[in-house]
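This is what each chain is made of:
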Amino acid sequence: MKVIIGSDHGGYELKLEIIDHLKNKGYEVVDVGCDSNASCDYPVYAKKVTDKITADEDKSSLGILVCGTGIGMSMAANKVEGIRAALCHDTFSAQATREHNNANILCMGARVVGPGLAMMIVDTFLETPFSNDERHIRRISMYS
């Protein structure tokens, strides 16, 4: 599976830790930036991730966006048609959003969640499949 990841300056350090974690687990990782902890604008990186997710022909790629709180990234990403970005700061939410909402982007806040928990959230998000239950498909179609 390909994982597209981006962050702003507030999420830069956690993004680097997530990339190492994912590569150690054998994932193909595409890092779209940012490239330092110098101040930058989170919508730029949300757009870079959403562009790659929506351009994926077989829709198998998943994304991860990290900023200080995760809120700005999730708001920016969810403006894009076909994106279902979920702000998760616990593993239950990460599991539920994949199973019930078929979320294709995980958003997290580096100032909210520590690295250990962040890796558990990432693993849960990436390893949980969509349930394909009719009720969830119906509900997603109401806002897609």
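For the structure, check the block above.
The rules we used
Residues numbered from 1 in each chain as written. Predicted model: local features only at pLDDT ≥ 70, side-chain atom pairs only at ≥ 80, totals over all residues. Heavy atoms only, no water. Helix = DSSP H or I, 4+ residues; strand = E, 2+ residues; numbered from the N terminus. Buried < 20%, exposed > 50% of the residue type's maximum accessible area, 1.4 Å probe, protein only. Contact = heavy atoms within 4.5 Å. Patch = residues over 30% accessible without salt bridge, like charges linked within 9 Å, V, L, I, M, F, W, Y side chains within 5 Å. Areas by Shrake-Rupley, 256 points an atom, 1.4 Å probe, with all protein chains shown as cover. Salt bridge = Lys/Arg side-chain N within 4 Å of Asp/Glu carboxyl O. Pairing = 2+ DSSP bridges. Axes fitted to C-alpha atoms, helices over the stretch in contact; angles between N-to-C directions. Core = buried A, V, L, I, M, F, W, Y, C linked by side-chain atoms within 4.5 Å.

1. Digging into the environment of D123
- Residue placement: D123 occurs in helix α5 (residues 115-127).
- The exposure class of D123 is buried, given its relative accessible area of 14%.
- Sequence separation between D123 and Q95 is 28 residues; the distance between their C-alpha atoms is 9.5 Å.
- Setting aside residues no more than four positions away along its own chain, D123 makes contact with H21 and K25.

2. Digging into a nonpolar patch on the surface
- On the surface, I71, M75 and L87 cluster together into a nonpolar patch covering about 280 Å² of accessible area.
- Secondary-structure assignment places I71 in helix α3 (residues 71-77).
- Among the residues examined, I71 registers a relative accessible area of 44% and is labelled partly exposed.

3. Describing the sheet that holds strand β4 (residues 85-87)
- Pairing is parallel in the open sheet, where five strands are placed in the order β2-β1-β3-β5-β4. On the outer flanks of this sheet lie β2 (28-31) and β4, each paired with one strand and no other. Along the sheet, successive strands turn relative to each other by an average axial angle of 25°, direction set aside.
- Pairing analysis gives five bridges linking strand β1 (residues 2-7) to strand β3 (residues 62-67), with the strands arranged parallel. Across the sheet, the residue bridging to I4 is G63, located in β3.
- Across the sheet, α5 is in contact with β1, β3 and β5 (105-109); its angle to β5 comes to roughly 170°.

4. Observations regarding the nonpolar core
- Within the largest apolar cluster, 24 residues are counted, with the highest numbers of intra-cluster contacts made by I18, L22, I64, L106, M108, V122 and L126.
- The set of elements that each furnish at least two residues to this core consists of β1, α1 (12-24), β3, β5 and α5.
- Take this core: its biggest share by element is six residues, from α5.
- Sequence-distant contacts of L126, that is, excluding residues within four places in its chain, are made with M1, V3, L22, Y27 and L62.
- Of all hydrophobic cores here, the second largest spans 17 residues; its members include Y12, V32, M73 and A85.

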